[in-house]
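# Structural overview
If you want the building blocks of each chain, they are given just below.
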Amino acid sequence: FVPHASARRLRMSLGRHAVELVREERTHYARGNSLPKYNEEALKKVCTEMDQLHKTMLDNFSNPFLGLNAEEPYCAANAVTLQAALWRNKRCACAYMKMRQERLVQAWWRHRLDVP
């Protein structure tokens, strides 16, 4: 069995962008630095990877030539791994947004209308 081309690309970077996004925000948060610029580029990379994971899952289960059966260990492990990676990326993106939201609320309460 040869993995699908998109699955081979994903193998090297599963969750890398999501972890970097959270790590960067957590570092700024721990240092007490002012709120860094919204990292739209990194968030787009996370969303793109999530889309690729979802497409890979659909491709794997809709390809009649692979003969995937959910009861086979490889197929079940593949589905579980891809789904776990997708959920982890969602959690990381939500954690990034939550940390930023908390810092904005703190800044608002500290400065009221003069939020920098």
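Below you will find a few notes about this structure. Note that the structure is a prediction, hence the values are computed from the model and not measured. (Residues numbered from 1 in each chain as written. Predicted model: local features only at pLDDT ≥ 70, side-chain atom pairs only at ≥ 80, totals over all residues. Heavy atoms only, no water.)

### As for the nonpolar core
- If you look at the biggest cluster of nonpolar residues, it comprises 16 residues, and the most contacted ones within it are Leu21, Leu43, Val46 and Leu53.
- Secondary structure elements with two or more residues in this core: α2 (16-31), α3 (40-62) and α4 (73-111).
- If one sorts the elements of this core by residue count, α4 sits on top with seven residues. (Core = buried A, V, L, I, M, F, W, Y, C linked by side-chain atoms within 4.5 Å. Buried < 20%, exposed > 50% of the residue type's maximum accessible area, 1.4 Å probe, protein only. Helix = DSSP H or I, 4+ residues; strand = E, 2+ residues; numbered from the N terminus.)

### Concerning the pattern of salt bridges
- What the rule picks out here adds up to six salt bridges.
- One salt bridge connects Arg100 with Glu25, and the closest N-O pair in it is separated by 3.8 Å. Within this pair, whereas Arg100 is found in helix α4, its partner Glu25 is found in helix α2, the two being separated by 75 residues in sequence. The exposure classification of Arg100 matches that of Glu25, with both residues buried.
- Each member of the salt-bridge network shares a partner with another, and the members are Glu25, Arg100 and Arg103. (Salt bridge = Lys/Arg side-chain N within 4 Å of Asp/Glu carboxyl O.)

### Quick notes on the packing of α3 against α4
- Contact pair α3 / α4: the axes reach a minimum separation of 10 Å and the direction vectors enclose 160 degrees. Here α3 is positioned roughly antiparallel relative to α4, judged by the angle of their axes. Note on packing geometry: the crossing formed by α3 with α4 is left-handed. Contact with α3, carried on its side by Leu43, Val46, Glu49, Met50, Leu53, Thr56, Met57, Asn60 and Phe61, involves Cys75, Asn78, Ala79, Leu82, Gln83, Ala85, Leu86, Asn89, Lys90, Ala93, Tyr96 and Met97 of α4 and no other residues of that element.
- Of the residues assigned to the contact of α3 with α4, the class counts are 14 nonpolar, five polar and two charged. (Axes fitted to C-alpha atoms, helices over the stretch in contact; angles between N-to-C directions. Parallel < 35°, antiparallel > 145°, perpendicular 65-115°, else oblique. Left-handed = near helix turned anticlockwise from the far one by under 90°. Contact = heavy atoms within 4.5 Å. Nonpolar A, V, L, I, M, F, W, Y, C, P; charged D, E, K, R; others polar.)

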